[in-house]
Amino acid sequence: MYGPLIIKPVKSKGANTGAWRVQVKPKFLQKNCIGCKMCAVICPEGCIKGKEKNAFVCDYEYCKGCALCCLVCPKKDIVMVEEGKE
Amino acid sequence: MKEFLEGSRAVAEAVKLCKPAVISAYPITPQTHIVEELAAMVAGGELNSQFVNVESEHSAASVVLGAEATGVRAFTATSSQGLFYMAEVIFNIAGLRMPIVMTCANRAISAPINIWNDQQDSISLRDAGWIQLYAQDVQESADFHLIGYRIAEDKNIMLPVMVCMDGFILTHGMESVDIPEQAKVDKFLPPYKALYKLDTSDPMSIGLLVGPDHYLETRFALQETLKDVLDLLPKISQEFRNAFGRDYKDCLVEEYCIKDAEKVIVAMGSVCGTIKEVVDALRKKGKKVGLLRIISYRPFPYARIYDALKNVKRVAILDKAVSLGGYAPIAVDIKAAFSGKKKGPEVISSFVAGLGGRDITVESIKEVFSKLTQKEVNGEFIDLKPELLKESYGE
Amino acid sequence: MENNSLFKPGHTACAGCGQAIAAKLVIEAAGSNTIVCNNTGCLEVFTTGYPETAWGVPFIHSLFENCAAVASGVEAALIYLGKKDSTNVIAQGGDGGTADIGLQALSGMLERGHDILYVCYDNEAYMNTGIQRSGLTPYESNTSTTPIAGKSLGNIRPKKPMPEIAAAHGIPYVATCSVGFMPDLQRKVKKAISIKGPKYIQIHASCPLGWRHETNLSLDVAKLAVETGLYPLIEFENGILVAQKKITPRPVEEYLKTQGRFKHLLNNPEAIKQIQAIADNNIKKYSLKLETPASS
């Protein structure tokens, strides 16, 4: 007989950490993006995905609103907006 | 094939037959010869195994844990202080259900430091969730490793096994031993197939953080599995008898002249050889005495012991360990077997002997039988030297 | 959103966690043919709380101090199975789990020459248990076991020189990294993975909670640590210093004022001088100063 011991990646469902956001969330303007990928690299959650310029998106299911992507973008193409406002 | 071998060598030969993939151990008397023999076998090419010389017992146990987690068979050996140093990992291994087999060469505990035999070390870790088998002689020490891997790796069990052999008495004693043939061992013990393992083709996470909502069930599962071991050991023992000819009956206890005995000693390990000699001698004089030898200390065979001793008038338990501040360990379990039951011995007396390697002689055993009277005795030390109790310190 | 990433979102790290950034970059640089052995700590707790796991690679957690030994066992088993050449083994732990309680297992693993990459996530305290002082806590840092009270200025001991300790074992590669310099981190991990033998990488991971700074400053704070000379980015090969990140040194006060854990030093010029001395010593010892070509 066995108890909870192991979990496989496909079976686990990450908690909806997007619910942690209280104030702001990132908005991707997708105007001046140069595709440097720094937002995707720095996101601690790994919830920013994209390949080409002006095509990076954030998965708000998991975004905790830390704002690192906004600060790292060299073209200021990401802004933090208030929750619920957009 | 029968050879005249040192106990450690016999164990090394038995482990070699089991073909472990990874061996890792740290030196500690009196286990050293086992690991040295294995190192020589690996270096000489007789045994295809990865031998990892670690910097502590904690790491030795961690190395075999990592190896088993990767899906291969692993082995380690230790004693007293080393066992306590790896105690954290011992509990971890049982909790992660890794079927490791480990030899514990029973040795006394510091302080004061003492390298000679008693069973305090392995008995102190009885709560860890390991199966504990106690060997009476060198042949059993070797055979229990084969039985150990067989039961550990059973798909319904997956629990680690500690084969306990008395340090120096069995590890350094020489006896005539039958070392089985590899082909027969391969049939009895098939290659290890892990139920879950670290494999890049099927990734999984092992050793998680489990909160109050989930932890209780893991301990319940361990407890129920150890109960299943009591049913499985007799079956495996029978398979062992069919394969190799040696009969360990149910591999839980051994009854020696119990049937009509009025006085029985319960004991574990090599001291049982001496007790059997005394029983034979006293039986010749018409005394109705017997021995109940415990083989499987964990899981403890309560029902089996109840059946064996329920009609015996007086039972003496000879512990080679002491649970300081409480009743002696085996005595507690024996008394629990009869608690609340209608039948049982009139007297269950508990004796402590042999700590730190003090010889348990034929006279000591006779003294135990003679002290087994109507008056129940609790935790009496045999062969105590009162003159040593007068040490004084300071003012 | 595809879920085959190696470090999945949905883990329960604090927002802006530097260690999450670092761990994600490490495993992505190492690739899917990697087995990870982790010590107890923030990383293990926030990625593998039953019934969830953030890891897309095989992962094992045993105890607080033995990931190096468990990884040694995994590596031995892989050698036996003939799979070592196609599988990377990473052992990782926090600063406490590496420099304090795990030092023995780490030293044994380095000395035995296992083909394992050891990664130390240095957030400079025992963060998971509530910001207690560790062997890698910097001088005069405020932690809960070296608190600011009375005359105390916090931690009274300098950081244990873990990279040098690792390098002293004569292993093929030792490097320090920072989450402030992510491409450098990725490069060093990739380089380490390609070398056979024991490797040690120490990553300075900012901790918004423990260091008391805003979540979106994790990157900038880590950058300042490097640019003041307090956290040199250096590489050792076979025990010899071979490379360092050159900096134009900035005064340590710029770094100290970004974090609450150094707040008590800001109006204490003596204390700041002592910390500047540490930075200056690093700059001299590792030749960190970027020499501009002689002008006129």
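Only a predicted model underlies this, so the values are computations on that prediction, with no experimental measurement involved. (Residues numbered from 1 in each chain as written. Chains lettered and ligands numbered in written order. Predicted model: local features only at pLDDT ≥ 70, side-chain atom pairs only at ≥ 80, totals over all residues.)

A word on helix α3 (residues 67-81) of chain C
All names here are of chain C. Relative to the 21 Å expected for 15 residues at 1.5 Å per residue, α3 spans 21 Å between its end C-alpha atoms, a close match to the ideal helical length. When you tally the buried positions in α3, you get 13 out of 15 residues, the bulk of the element. Directly beyond the C-terminal end of α3, a positive phi value near 75° is found at G82. (Helix = DSSP H or I, 4+ residues; strand = E, 2+ residues; numbered from the N terminus. Expected span 1.5 Å × (residues − 1). Buried ≥ 20, exposed ≤ 12 C-beta atoms within 10 Å, placed from the backbone.)

Details of unusual backbone geometry
For residues that are not glycine, phi is negative in most cases, and the peptide bond is trans in most cases. Residue and element names in this part refer to chain B. With omega at 0°, the peptide bond leading from T29 into P30 counts as cis. By secondary structure assignment, the location of P30 is in the loop between β2 (22-25) and α2 (32-43). Look at R97: it is not a glycine, yet its phi comes out positive at around 60°. Within the fold, R97 resides in the loop between α5 (87-95) and β5 (101-106). With a phi angle near 55°, C251 is a residue other than glycine that sits in the positive phi range.

As for the environment of I131 of chain C
Residues and elements named next belong to chain C. By the secondary structure assignment, I131 is in the loop between β4 (117-122) and α6 (162-168). Classification of I131 by C-beta neighbours within 10 Å gives buried; the count is 24. In this structure the C-alpha to C-alpha distance between I131 and C120, which are 11 residues apart in sequence, comes to 17 Å. Apart from residues lying up to four places away in sequence, I131 is in contact with A125, T143, S144 and G210. (Contact = placed C-beta atoms within 7 Å.)

Digging into the domain arrangement of chain B
How large an interface is tends to be reported as the accessible area lost when its parts come together. Residues and elements named next belong to chain B. According to the domain assignment, chain B contains domain 1 (2-244) and domain 2 (253-388). The interface is formed by 24 residues belonging to domain 1 together with 20 residues belonging to domain 2. Where the side of domain 1 that touches domain 2 is concerned, the elements lending two or more residues are α6 (120-124), β6 (131-134) and α9 (215-244). Ranked by residues supplied to the side of domain 1 that touches domain 2, first place goes to α9 with 5 residues. A class-by-class count of the residues in the side of domain 1 that touches domain 2 yields 13 nonpolar, 6 polar and 5 charged. (Domains from an automatic or database assignment. Nonpolar A, V, L, I, M, F, W, Y, C, P; charged D, E, K, R; others polar.)

Notes on the sheet that holds strand β11 (residues 263-267) of chain B
Residue and element names in this part refer to chain B. Pairing within the open sheet is mixed, and its 6 strands lie in the order β10-β12-β11-β14-β15-β16. The sheet terminates laterally at β10 (253-256) and β16 (380-381), the two strands that pair on one side only. Where β10 and strand β12 (residues 289-294) come together, 4 bridges link them in antiparallel fashion. Across the sheet, the residue bridging to E255 is L292, located in β12. (Pairing = 2+ DSSP bridges.)

Digging into the sheet that holds strand β5 (residues 173-178) of chain C
Strand order in the open sheet formed by 10 strands is β1(A)-β9(B)-β2(C)-β1(C)-β3(C)-β4(C)-β6(C)-β5(C)-β7(C)-β8(C), and the pairing between neighbours is mixed. Each edge of the open sheet is held by one strand with a lone partner, namely β1 (6-7) of chain A together with β8 (240-244) of chain C. Here 6 bridges tie β4 of chain C to strand β6 (residues 199-204) of chain C, and the two strands are oriented parallel to one another. Each bridged residue has a counterpart across the sheet, and for Y121 of chain C the counterpart in β6 of chain C is I203 of chain C.

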